[in-house]
Amino acid sequence: MSAPTIGQLEREISNRIRSLYNVELGLRPTKINCHFFHGELAITLENSVTKVEQILMKYGSDILAEQVRIDLDRMMVPQIQDLIEEVIGKPVLDLISHTNLTTGRTGIIVFIENLPEVRNPQAIPKARKKNVAVNS
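Only a predicted model underlies this, so the values are computations on that prediction, with no experimental measurement involved.

Student: Break down helix α1 (residues 6–25) for me, with residues and values.
Tutor: A rise of 1.5 Å per residue sets the reference length of α1, with its 20 residues, at 28 Å; its end C-alpha atoms lie 28 Å apart and thus fit the reference within 8%. For α1, the full list of buried residues reads I6, G7, L9, E10, I13, S14, I17, R18, L20, Y21 and L25. Within two residues after α1, G26 carries a phi angle of roughly 65°, on the positive side.

What follows is the structure, given as structure tokens:
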């Protein structure tokens, strides 16, 4: 079986994150973007705040809403890391996640040592420039 394209990996990670949010939080983010760069993977989620967090924010319990988010991240981040490692077949060195409760957006930066094997590595931003510089 041939290696997947980078777009296929990005879509697979997006779909699995959407499914994870649905199963664990009963929430389906409306938009998930996932893009590999040379040693990083950037993921953004729209509408990733739970109803409970929204209600707490609406009624002025911002600190409690932040604590709920911290606890949710403690549960979700290891699962997100595991699913990314499973999809790309490479270890994750570090994963940083932050959710803005006001806008409902989540940003995740994943640091990886090596890019996964793909059919089209030239489609990865910055990886192409690095390879061009080495070959020059």
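Student: Before we move on, could you go through the pattern of salt bridges and cite the residues and values that matter?
Tutor: Tallied over the full model, the rule gives six salt bridges. Residue E46 pairs with R105 through a salt bridge whose shortest N-O separation is 3.2 Å. Placement of the pair is E46 in strand β2 (residues 40–46) and R105 in strand β4 (residues 105–112), with a sequence separation of 59 residues. For E46, a relative accessible area of 26% translates into the label partly exposed. Salt bridges linked by common partners bring E12, R16 and E86 together as one network.

Student: Just give me the short version of the sheet that holds strand β3 (residues 92–100), but keep the residues and values in it.
Tutor: Strand order across the open sheet formed by four strands is β1-β2-β4-β3, with antiparallel pairing between neighbours. Of all the strands in the sheet, just β1 (31–36) and β3 have a single pairing partner and so form its edges. In this sheet, adjacent strand axes meet at a mean angle of 10° when their direction is disregarded. Pairing of β2 with β4, which is carried by six bridges, proceeds in the antiparallel orientation. Along β4, the bridge assignment pairs T44 with G107. Where α1 meets the sheet, it contacts β1, β2 and β4, and its direction lies at approximately 140° from that of β1. Running at roughly 140° to β3, helix α3 (residues 62–88) makes contact with β1, β2, β3 and β4 of the sheet.

Student: Break down the pairing of β2 for me, citing the residues and quoting the values.
Tutor: Of the two faces of β2, only the one carrying L41, I43 and L45 is buried; E40, A42, T44 and E46 on the other face are not. For β1 and β2, the ladder comprises six bridges, and the chain directions are antiparallel. For N33, the partnering residue across the bridge sits in β2 and is T44.

Student: Any chance you could break down the confidence of the model for the protein chain for me, citing the residues and the numbers?
Tutor: For the protein chain, per-residue confidence averages 90 on the pLDDT scale, and 91% of positions sit at 70 or higher. Below a pLDDT of 50 lies the segment residues 128–136, which in the model reaches three contacts outside its immediate sequence neighbourhood of four places, other chains included.

Student: If you had to explain the side chain of E10 to someone new, which residues and values would you point to?
Tutor: Mapping E10 onto the fold places it in helix α1. Summary of buried charges: E10 has no salt-bridge partner, and the nearest side chain of opposite charge, R11, is 6.2 Å away.

Student: Could you give an account of the environment of L72, with specific residues and numbers?
Tutor: Within the secondary structure layout, L72 lies in helix α3. Here the alpha-carbon distance between L72 and T50, two residues 22 residues apart in the chain, equals 9.8 Å. Once residues within four sequence positions are removed from consideration, L72 is found in contact with L25, T50 and E53.

Student: Outline the nonpolar core, supporting the account with residue identities and numerical values.
Tutor: I13, I17, F36, I43, I80, I84 and V110 are the most contacted members of the largest nonpolar core, which has 29 residues in total. For this core, the secondary structure elements donating two or more residues are α1, β1, β2, α3, β3 and β4. Excluding residues within four positions of it along the chain, F36 makes contact with I6, L9, E10, I13, L41, I88, I112, L115, P116, I124 and P125.

So, how was this worked out
- Residues numbered from 1 in each chain as written.
- Predicted model: local features only at pLDDT ≥ 70, side-chain atom pairs only at ≥ 80, totals over all residues.
- Heavy atoms only, no water.
- Helix = DSSP H or I, 4+ residues; strand = E, 2+ residues; numbered from the N terminus.
- Expected span 1.5 Å × (residues − 1).
- Buried < 20%, exposed > 50% of the residue type's maximum accessible area, 1.4 Å probe, protein only.
- Salt bridge = Lys/Arg side-chain N within 4 Å of Asp/Glu carboxyl O.
- Pairing = 2+ DSSP bridges.
- Axes fitted to C-alpha atoms, helices over the stretch in contact; angles between N-to-C directions.
- Contact = heavy atoms within 4.5 Å.
- pLDDT = per-residue confidence, 0-100.
- Lys, Arg positive; Asp, Glu negative; His and termini not counted.
- Core = buried A, V, L, I, M, F, W, Y, C linked by side-chain atoms within 4.5 Å.

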